Amino acid sequence: MSKTASVALAPSSSLFARLMATIDRLLMASAKISNHNGDLPRFGL
């Protein structure tokens, strides 16, 4: 038996990183909808 153990933990994301990922998903969804409609996507907020 090994005297050491390792536990695989999910990396904790900071609140700021999760917020940026959410904003990124929203902007990508908006760009896909605009592209589907034949419009140019608006970049940024």
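Rules used in this analysis
Throughout, a residue's number is its position along its own chain's written sequence, starting from 1. A pLDDT threshold of at least 70 governs which residues receive local features in this predicted model, and a stricter bar of 80 or more applies before side-chain atom pairs are shown or counted, although totals over entire chains, interfaces and linings include all residues. Side-chain calculation: all heavy atoms of the structure are included, whereas hydrogens and water are not. Each helix corresponds to a stretch of at least 4 residues labelled H or I by DSSP, and each strand to a stretch of at least 2 residues labelled E; elements are numbered beginning at the N terminus. Note on exposure labels: buried denotes an accessible area under 20% of the residue type's maximum, exposed denotes more than 50%, and partly exposed covers the range between, all computed with a 1.4 Å probe on protein chains only. Computed with a 1.4 Å probe, the accessible areas rest on the Shrake-Rupley method; for each residue, only the protein chains presented here act as cover. Given the number of residues in a helix, its expected span is that number minus one, multiplied by 1.5 Å.

**Q** What am I meant to see in the overall build of the protein chain here?
**A** Summing up its helical and strand segments, the protein chain has 1 helix and 0 strands in all. A buried classification covers 2% of the 45 residues belonging to the protein chain. Surface accessibility of the protein chain: about 4,700 Å² in total, with carbon and sulfur atoms responsible for 63%.

**Q** Would you take a moment to explain helix H1 (residues 15–37) for this structure?
**A** An α-helical turn contains 3.6 residues, so a residue and the one three or four places further along point in the same direction. With 23 residues, H1 extends 33 Å between its outermost C-alpha atoms, agreeing within 8% with the 33 Å of an ideal straight helix rising 1.5 Å per residue. One or two positions beyond H1, positive phi appears at glycine 38, with a value near 85 degrees.

From the geometry alone we can't say anything about function, so treat these as descriptive.
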